[in-house]
Amino acid sequence: MDPIALGFYALVCGGLSVIAPNFPRLPVRLGIGAVVGLVAATVLPWIKGMLGV
């Protein structure tokens with residue numbers, strides 16, 4: 001994994017871990033985690049393009 005992807009997903013996962021305890025139940029947390037993961041995977045190529053990498 002390249003350093004940009006590693007740093008990006010570390011930021012996304014770290015941010016999600018900060019707010020996850022505020023979500024009420026496990027199914028809700030899993031659903032939000034899945035949506036955040038899909039959005040992050042979709043946005044990363046756009047970010048890398050903006051950085052010229």
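In what follows, the accompanying structure is described. Nothing here was measured: the structure is a model prediction, and the numbers come from that model.

### Thoughts on the pattern of salt bridges
In step 1: Taken as a whole and assessed by the stated rule, the structure comprises one salt bridge.
In step 2: Between Lys48 and Asp2 there is a salt bridge, and its shortest N-O distance comes to 3.3 Å. A residue pair is termed long-range when its members are at least 10 positions apart, and Lys48 in helix α2 (residues 26–51) and Asp2 in the segment before α1 (3–19) qualify at 46 residues.

### Some points on the packing of aromatic side chains
In step 1: Going through the model one piece at a time under the given rule, you end up with one aromatic pair.
In step 2: Taken together, a centroid distance of 5.4 Å and an interplanar angle of 70° make the contact between Phe8 and Tyr9 edge-to-face.
In step 3: Judged by its relative accessible area of 16%, Phe8 is buried.

Definitions and limits used
Per chain, the residues get numbers from 1 upward, laid out in the order the sequence is written. Side-chain atom pairs in this predicted model are given and counted only at pLDDT of 80 or more, local residue features only at pLDDT of at least 70, and totals for whole chains, interfaces and linings cover all residues. The side-chain quantities take in all heavy atoms of the structure and omit both hydrogens and water. A carboxyl oxygen of Asp or Glu within 4 Å of a side-chain nitrogen of Lys or Arg is what we treat as a salt bridge. Secondary structure follows DSSP: runs of H or I at least 4 residues long count as helices, runs of E at least 2 residues long count as strands, and numbering of each begins at the N terminus. Two rings from Phe, Tyr or Trp (for Trp, the six-membered ring) form a pair when their centres are within 6.5 Å of each other. A pair whose planes differ by under 30 degrees is stacked, one over 60 is edge-to-face, and the rest are tilted. Residue burial is assigned from relative accessible area. The probe radius is 1.4 Å, only protein chains are included, and a residue is buried under 20% of its type maximum, exposed over 50%, and partly exposed in between.

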